[in-house]
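What follows is the residue order along each chain.
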Amino acid sequence: MNFSIDCAGLWDTTSAPGTESPDFTYRNLIDLVYRQSWKKLQNIFDIPYSHPTPTKLPAGRLVLYGLGQTYRSRLSLQNARAALTFERGLLEAYMHAQSPVGIIVMDRIFADVKMELYAPDFSSKADADGDADCVTGKPLSALGYSPAVQISKNGVTGFVQTTGSGAFALLMAKKVLQEKIVLFFTVAQGADEETALETVRRTLSENVELDLKLLWQGHRKWWKAYWSRSEIELPSVPLERLWASATYFLASSSRRGGVPCPLQGVWTADNGLLPPWKGDYHNDLNLQFTYCHYLTANHLEEGMVLLEHLERLFPQTRKFAQRFYNVPGGCYPGVMALDGTALGGWPMYSLSPTHQIWLCQIAWRHFLYTNDLDFLREIAYPMCQQAAELIWGILCRHGDYLYLPLSASPEIHENTPAAWLTPNSNYDLALMRWLFQTMPKLEYELGLPTDSRWIRTLRNLPVLAVNREMRLMLSPDEELRESHRHFSHTIAIYPLKLLKPSEETDMRIIRQTVDGLERLGTKEWVGFSYAWMALLQAICRNGDKAEYYLTLFQDVFTGPNGFHLNGDFKQKGVSRYTYRPFTLEANFLAAEAIQHMLIQTEGMAFEVLPAVPASWKGKRLSCFDFRTDNGLQISVMRDDCNHVLVRCQAIYAGEWVFRNLNQTFSLNAGQVKTFSYCA
């Protein structure tokens, strides 16, 4: 029986050769694109990503020998504990919610079981670049570390492993009780072997001495409080499971005081390879979608993990803006290591100056949901302000309008010269329009004078490009004409909400754009495309199609453990991609789509059950304590006779419009208003 062990924040942050080169600059990138010097451009900006570092690292493996060949397993999402029932007895395992320690509890019948901790095999001296693909993962041996040092002393066993940027240690201790055998294990990293070992030894000693019942009670108490913050009940078991799984993944991989959830969270594959895409932070849709559902689901603490980490990176973002773009402000690279450094990669995306605006939008949404002025002042405003400074510094005027020197739309035309679209792509334009539209709002909330640059810039940006059929285009002179996994040209619809469903013209653009994506077919879609389409269908108020795409996503693109595996690995014919690299962002996007089926807002107006499938009529459904971006906490309950009860509690004082009944009401902070009607 193998237990794969991972640790959030376990990275080798050694810079890739080339990313510190004097040629690695925005000015040089612009020059090479305009000169059409494609090979040189790739060598400078793309090739560094093929280097094995920076990368997320696996921590190791605990192997138990002699448990038995057959067993039944069950993971309780409510308690975050796995139970494995063998012929001889029961084994239960959980990662403690309040302490960085794993606990395995076995019946005493397993006293003869042998246990061993194994370090990942980093040791062989392979070619650092090798032939393996970063998408599916290079061999761990590409890192060429020295072998781990084994530890065995005073009943504690394990190893310490030196990496390119420090060290990490994994240790285990055994405790024999009257009826149970308990294994404790923990992993930690440090600047050197001694620091890492000191941390894990302290964690082990603190937990081994505690009463097992008290440990379990503390763990259960934490998870009970977590699940009490919001809840849903749906007629569709697959959709209810999708939402619950994503909410569980969020708590398991995003904890206050830690690091944000990267592509695979804390589930780096234990297969002798580096994680797909090196487990990095893609600051386009990947990180945005990973943190898209936490606010409505009322899990603010877990979202703050990302926002506080981004705050810690402010010095690095300013350094990168100055070195790469040679302008004031700050920039989070499009493809980013844990410490905020650029990894390189397809340059039109990995080095896009607009990707970071997605992160700014997460910060602004967090403020809208919380009304936390300290957060706005210390994190959201500086993040948005430095992004605005950078974009303002690189925009160029041509005629009446402002344009970026280079523009793209992820990941249209892949990594080819055609990927450089005529500026401004709708993707870049939507992000810039959102940013300069939002900056005066930030300054108003903080009582700051409005910087006139933001208003002038917004006025001088072009409008979004639409074709004769009122569909959003890729750029002013190009339409999407073939199936593609990324719907990047649609971000004005979601998450930016620049297009308003209540406006007739805007809603026509939304529906025509979504219809156009469907007409092009799903051949080039991957898992996140289906979750994304479900959300767009919910915004179009089409509950039947939202359910259809979510059900396909759950059936075709998720494994038995609920993880999104990106490709049509079951080969059901819904995508030409049949691989199975694991990433988490689509799980959270599916949860957000479900939330949009239940509640949608626009300004101070809101609507409940806006995209409920016809098949759900006459069936019970509910959501409890969902938050909205207009200052409400809403619970909705519908019985099997279609009677609906809506409870609204004000997070801050305001006036709202309940569109289902076309009623306007006012509340002070903390006050409650209920509505009852028959749907």
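These figures come from a predicted structure and were not determined experimentally. (Residues numbered from 1 in each chain as written. Predicted model: local features only at pLDDT ≥ 70, side-chain atom pairs only at ≥ 80, totals over all residues. Heavy atoms only, no water.)

> An account of the overall build of the protein is requested, with residue identities and associated values reported.
Helix and strand counts for the protein come out as 17 helices and 26 strands. The globule rule puts the C-alpha radius of gyration for 679 residues at 26 Å, and the 25 Å found for the protein is close to it. If you line up the protein on its principal axes, its C-alpha atoms span 75 × 65 × 55 Å. Counting across all 679 residues of the protein, residues that qualify as buried make up 61%. In the protein, once contacts between residues fewer than 6 apart in sequence are set aside, the share between residues at least 24 apart is 66%. For the protein, the computed accessible surface area is about 26,900 Å², with 49% contributed by carbon and sulfur atoms. In the protein, which carries 65 positive and 70 negative side-chain charges, the distance between the mean positions of the two groups comes to 3 Å. (Helix = DSSP H or I, 4+ residues; strand = E, 2+ residues; numbered from the N terminus. Rg over C-alpha atoms; globule rule 2.2 N^0.38 Å. Buried < 20%, exposed > 50% of the residue type's maximum accessible area, 1.4 Å probe, protein only. Contact = heavy atoms within 4.5 Å. Areas by Shrake-Rupley, 256 points an atom, 1.4 Å probe, with all protein chains shown as cover. Lys, Arg positive; Asp, Glu negative; His and termini not counted. Charge placed at Lys NZ, Arg CZ, Asp CG, Glu CD.)

> Describe the layout of surface pockets, listing the residues and the values that go with them.
Approximately 910 Å³ is the volume found for the second largest pocket. As for the second largest pocket, its lining consists of 44 residues, and the residues nearest its centre are Leu-368, Lys-497, Thr-601, Gly-603 and Asp-629. Elements represented by at least two residues in the lining of the second largest pocket include exactly helix 10 (356-370), helix 12 (426-445), helix 17 (585-598), strand 19 (599-602) and strand 20 (605-608). When grouped by side-chain class, the residues that make up the lining of the second largest pocket number 20 nonpolar, twelve polar and twelve charged. (1 Å grid on protein atoms, 1.4 Å probe; cavity = no way out; pocket = protein on both sides within 12 Å on 5 of 7 lines; lining within 4 Å. Points joined across faces, edges and corners; volume = space filled by probe spheres on them. Nonpolar A, V, L, I, M, F, W, Y, C, P; charged D, E, K, R; others polar.)

> A description of the pairing of strand 22 (residues 632-638) should follow, citing residues and the corresponding values.
Along strand 22, six of the seven residues are buried, which leaves the element largely enclosed by surrounding structure. Here five bridges tie strand 21 (residues 621-627) to strand 22, and the two strands are oriented antiparallel to one another. Considered in strand 22, the bridge of Cys-623 is made with Val-636. Here strand 21 folds back onto strand 22 in antiparallel fashion, the turn holding four residues, of which Gly-631 has a positive phi close to 90°. The pairing of strand 22 with strand 23 (residues 643-650) spans seven bridges and is classified as antiparallel. (Pairing = 2+ DSSP bridges.)

> So what's going on with the packing of helix 5 (residues 237-253) against helix 17? Residues and values would help.
Axes are the key here: two packed helices are described by the angle between their axes and the distance separating the axes. At a minimum axis separation of 8 Å, helix 5 and helix 17 run at an interaxial angle of 125°. Judged on the interaxial angle alone, helix 17 and helix 5 are oblique. The interaxial crossing formed by helix 5 with helix 17 has left-handed handedness. Where helix 5 approaches helix 17, its residues Leu-239, Leu-242, Trp-243, Ala-246, Phe-249 and Leu-250 are matched on the opposing element by Asn-587, Phe-588, Ala-590, Ala-591, Ile-594, Gln-595 and Met-597. When the residues that make up the contact of helix 5 with helix 17 are grouped by side-chain class, the tally is eleven nonpolar, two polar and no charged. (Axes fitted to C-alpha atoms, helices over the stretch in contact; angles between N-to-C directions. Parallel < 35°, antiparallel > 145°, perpendicular 65-115°, else oblique. Left-handed = near helix turned anticlockwise from the far one by under 90°.)

> Can you explain the packing of aromatic side chains? Please cite residues and give values.
Per the counting criterion, the structure on display carries 47 aromatic pairs. On the numbers, 6.1 Å between centres and 45° between planes, the contact of Tyr-26 with Phe-324 is tilted. Of this pair, Tyr-26 sits in helix 1 (residues 26-34) while Phe-324 sits in helix 8 (residues 314-325), placing them 298 residues apart in sequence. Residues Tyr-26 and Phe-324 agree in their burial class; the two are buried. Cluster of aromatic residues (ring-pair linked, three or more members): Phe-289, Trp-358, Tyr-427, Phe-487, Trp-525, Phe-528, Tyr-530, Trp-532, Tyr-548, Tyr-549 and Phe-557. Over the aromatic face of Tyr-65 sits the side chain of Lys-114, whose NZ or CZ is 5.7 Å from the ring centroid. The cationic tip of Lys-278 hangs over the ring face of Tyr-49; the distance from NZ or CZ to the ring centre is 4.4 Å. (Phe/Tyr/Trp six-rings, centres within 6.5 Å; stacked < 30°, edge-to-face > 60°. Lys NZ or Arg CZ within 6 Å of the ring centre and 35° of its normal.)

> Explain the environment of Cys-331 to me, and be specific about the residues and the numbers.
Examined against the element boundaries, Cys-331 turns out to sit in the loop between helix 8 and strand 16 (335-336). Under the relative-accessibility criterion, Cys-331 is labelled buried at 1%. It is 18 Å that separates the C-alpha atoms of Cys-331 and Pro-54, two residues lying 277 residues apart in sequence.

> Give a description of unusual backbone geometry that names residues and reports values.
Along the chain, Thr-53 connects to Pro-54 via a cis peptide bond; the corresponding omega equals -5°. Of the consecutive residues Tyr-494 and Pro-495, the connecting peptide bond is found in the cis state with omega at 10°. Positioned with a positive phi, Gln-571 is a non-glycine residue whose angle comes to about 55°. By the element assignment, Gln-571 lies in the loop between helix 16 (543-556) and helix 17. With a relative accessible area of 61%, Gln-571 lands in the exposed category. Unusually for a residue other than glycine, Leu-609 sits at a positive phi of about 50°. On the secondary structure map, Leu-609 appears in the loop between strand 20 and strand 21. For Leu-609, a relative accessible area of 15% translates into the label buried.

> A description of helix 10 should follow, citing residues and the corresponding values.
Taking 1.5 Å of rise per residue, the 15 residues of helix 10 would be expected to cover 21 Å, and the 22 Å separating its terminal C-alpha atoms lies within 8% of that figure. Of all the 15 residues making up helix 10, 14 are buried; the element is thus mostly covered by neighbouring parts of the structure. (Expected span 1.5 Å × (residues − 1).)

> Describe the sheet that holds strand 20, with residues and values.
On the basis of which strands lie adjacent, the open sheet formed by four strands has the order 19-20-24-25 and mixed pairing. The open sheet has two edge strands with one neighbour each: strand 19 and strand 25 (663-667). Put simply, the sheet's adjacent strands are angled 30° from each other on average, direction ignored. In terms of strand pairing, strand 19 meets strand 20 through four bridges, oriented antiparallel. Within strand 20, the position partnered with Glu-602 by the bridge is Ala-605. Strands in contact with helix 17 are strand 19 and strand 20; relative to strand 19, the strand with the most contacts, it is inclined by about 80°.

> How would you summarise the environment of Leu-498 if you had to cite specific residues and measurements?
In this structure, Leu-498 sits in the loop between helix 13 (452-459) and helix 14 (504-519). Separated by 34 residues in sequence, Leu-498 and Leu-464 place their C-alpha atoms 9.9 Å apart. Not counting chain neighbours up to four residues away, the residues in contact with Leu-498 comprise Ala-430, Arg-433, Trp-434, Gln-437, Ala-492 and Asp-506.

> With reference to specific residues and values, describe the pattern of salt bridges.
A complete count under the given rule lists 25 salt bridges for this structure. Here Arg-576 and Glu-524 are joined by a salt bridge, their closest N and O atoms 2.7 Å apart. In this pair, Arg-576 is assigned in the loop between helix 16 and helix 17 and Glu-524 in the loop between helix 14 and helix 15 (527-539), connecting sequence segments 52 residues apart. Salt bridges linked by common partners bring Arg-256, Glu-301 and Glu-308 together as one network. (Salt bridge = Lys/Arg side-chain N within 4 Å of Asp/Glu carboxyl O.)

> Lay out empty space enclosed by the protein with the relevant residues and their values.
Scanning the model with the defined rule gives four cavities of 30 Å³ or more in all. What lines the largest cavity is a set of 16 residues, and nearest its centre among them are Met-348, Ser-352, Pro-353, Leu-406 and Trp-420. When residues of the lining of the largest cavity are traced back to their parent elements, those giving at least two are helix 1, helix 9 (347-350) and helix 12. If one sorts the elements of the lining of the largest cavity by residue count, helix 9 sits on top with three residues.

> Lay out the nonpolar core in plain terms, naming residues and giving numbers.
Counting 184 residues, the largest nonpolar core has Leu-598, Val-608 and Val-646 as the members making the most contacts within it. Broken down by element, this core gets its largest block of residues, twelve residues, from helix 11 (residues 373-394). The contact partners of Val-608, leaving out residues within four places of it in the chain, are Leu-598, Ile-599, Ile-634, Val-636, Val-646, Phe-658, Asn-660 and Tyr-677. Formed by 33 residues, the second largest nonpolar core is a distinct cluster that contains Leu-10, Phe-86, Leu-91 and Met-172. (Core = buried A, V, L, I, M, F, W, Y, C linked by side-chain atoms within 4.5 Å.)

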